[in-house]
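Structural description and commentary
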Amino acid sequence: MDLLDLSSFVRGHRRTGSDVQFIERTRLDAVKAMNKELAKLIQTGPPGLQERIRAEFDEFEKLFGRYLQEAGHAIMWDKIRLVSDDLVKTYSELQSPETNAIKALLNKLVVVKLNGGLGTSMGCKGPKSIISVRNDLTFLDLTVQQIEHLNKTYGTDVPLVLMNSFNTDEDTEKILQRYQQVKVKIFTFNQSRYPRISRESLLPIANSFNTENMESWYPPGHGDVYQSIANSKLLDQFIADGKKYLFMSNIDNLGATVDLNILNFLLNPKTGSAPEFVMEVTDKTRADVKGGTLVEYEGKLRLLEIAQVPKDHVDEFKSVSKFKIFNTNNLWISLDAIKRVVEENTLHMEIIVNPKTLDNGLNVVQLETAVGAAIKSFEGAIGINVPRRRFLPVKTTSDLLIVMSNLYSMKTGALEMNPKRSFPSVPLVKLGSHFTKIKDYLHRFASIPDMLELDHLTVSGDVTFGKNVTLKGTVIIIANHGDRIDIPSGAVLENKIVSGNLRILDH
């Protein structure tokens, strides 16, 4: 029985003194064993990197120690309070800056994009940020275009910073060479590389630090950004350059553009001091029920993720009527405050325990943290309820279909909802497993359909689309196993269910 099992085994019973002593001894043994194994791994690292590896492993050991200490300490549901109105501002309350003030505002900003993820879930090799999303432009191209447009328009020098992981760093550095003539200074730093631990032994599965067996390592979630940007010395550099806030978001959120109203609110507060931390939230729909939400817990603003919710309260958490907002992961954070919480060691983020089974059948555990969970460590933190257009993530080919369609037009790297769409909501699109990989998805659309009047699209099975197809209202297309449906070129489907076997043959 591993230590986690032990904690859960005794959780429901009243622990005796000897129980507690036994658990504490077991915990101390696990901490000592981990320390010994990590010391061995450091010795296998390249001599020039050993100091950096040691710094990363120190942080990992703190996380591991907390994991053992906190095992079985679930969130107390009855202590959760709905967030009060004064802690979530409405975007419409914010004022736009005067045009002549914009340059000074932008000169105090750093843009950070989280660029640690791979495109494997969409069948692509390499960093997700190099997937083409529109007009052969990648996530990274669009980001660079947006910031170059700001710098050229206002005569500013907003830097772009990419937080890479060991999975994306090498490929990203090669790609960045093509932006040398662009008016954007681009910086990179790497998030940590932590060892996966065996579920049984609670020890690292890696035997050495070499790069041959990358399955033994993992990037520990985007909560690592605070410590990693501080370790990289970029934090000190930006503070010395007079920068005040960073705007951080996932690189695959195409709605996360620099917002001058939020920046103005932070740098020109009307009353008192500005919040050190702002989380952009937006209204929850049925498509967002798993998204983390802001709550008040023990007197502090806190990000509540679905993984932390007790099983018998999950349906309540997913309720659109009770928890009405969710975290977009667009965050605005004071650079001075990041420096303070890192140096004073007051940063606290809940641990996300991510169990995985590797290809070789080994059961491992990854200990991760989420960047938004640090909200409670900053002074005056608030949420701002922003329009839905600021949350446009591309996680699947279903999302990709939406952003490639005529629902959006593109202007200087930013997507804007087509003004011809009569209502601002994005349609619900669910493409089946035949469309999961980008290569298959592109093969199944001769051209992207007209979706201007679409509410809901579900496609399941072996389905292909001809050129210039128009989809309106609710369209459901289901090809049963062994059947195939070809939607003919020029077809207009409005409030239609198509099923069975429909093959159009060209003569």
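In this text, all values refer to a predicted model and were calculated from it rather than measured experimentally. (Residues numbered from 1 in each chain as written. Predicted model: local features only at pLDDT ≥ 70, side-chain atom pairs only at ≥ 80, totals over all residues. Heavy atoms only, no water.)

What follows deals with unusual backbone geometry. At Asp136, a residue that is not glycine, the phi angle is positive and equals roughly 65°. Inspection of the secondary structure puts Asp136 in the loop between strand E4 (132-134) and strand E5 (137-138). Looking at Asp136, the relative accessible area reads 68%, which means it is exposed. Although it is not a glycine, Leu202 adopts a positive phi angle of roughly 55°. Tracing the backbone shows Leu202 in the loop between strand E9 (197-198) and strand E10 (217-218). Here Leu202 falls in the buried class, since its relative accessible area comes to 6%. (Helix = DSSP H or I, 4+ residues; strand = E, 2+ residues; numbered from the N terminus. Buried < 20%, exposed > 50% of the residue type's maximum accessible area, 1.4 Å probe, protein only.)

This part takes up the sheet that holds E9. Ordered by their spatial adjacency, 3 strands build an open sheet running E9-E17-E16, and the pairing between neighbours is antiparallel. Each edge of the sheet is formed by a strand with only one pairing partner; in this case those strands are E9 and strand E16 (352-357). Across 6 bridges, E16 lies against strand E17 (residues 363-368) in antiparallel orientation. Looking at E17, one finds that Val353 is bridged to Leu367. Most of the contacts of helix H3 (residues 50-70) go to E17, to which it runs at about 105°, and overall it touches E9, E16 and E17. (Pairing = 2+ DSSP bridges. Contact = heavy atoms within 4.5 Å. Axes fitted to C-alpha atoms, helices over the stretch in contact; angles between N-to-C directions.)

Our focus in this paragraph is the sheet that holds strand E11 (residues 245-250). Spatially, 8 strands are ordered E2-E18-E12-E15-E11-E3-E6-E7 in an open sheet, and the strand pairing comes out mixed. Edge strands, defined here as strands with exactly one partner in the open sheet, are strand E2 (88-90) and strand E7 (186-190). Across the sheet, the mean angle separating the axes of adjacent strands is 30° when strand polarity is ignored. Of the strand pairs in this sheet, strand E12 (residues 277-283) and strand E18 (residues 382-385) are connected by 4 bridges, and their pairing is parallel. Each residue of the ladder has a partner; that of Val278, found in E18, is Ile382. Contacting strand E3 (109-115), strand E6 (160-164) and E7, helix H6 (residues 169-176) runs over the sheet at an angle of about 155° to E6. Packed onto the sheet, helix H11 (residues 335-343) meets E3, E11 and strand E15 (325-334) and runs at close to 90° relative to E15.

Further remarks concern the UniProt feature "binding site: UTP" (unreviewed entry) in the protein. Under the feature "binding site: UTP" (unreviewed entry), the UniProt entry names Lys128, Gln191, Gly221, Asp252 and Lys395. Relative to the assigned elements, Lys128 resides in the loop between E3 and E4. In contact with Lys128, not counting residues within four places along its chain, are Gly117, Leu118, Gly119, Met122, Phe139, Asp252, Val394 and Lys395. Note on placement: Gln191 falls in the loop between E7 and strand E8 (194-195). Residue Gln191 is classed as buried on the basis of its relative accessible area, which comes to 7%. Those residues within four positions of Gln191 in sequence are excluded, and the remaining contacts are Arg52, Glu56, Gly116, Met163, Asn164, Ser165, Pro219, Pro220, Gly221, Asp224 and Ser228. (UniProt positions renumbered as here; feature names shortened; annotations may be inferred.)

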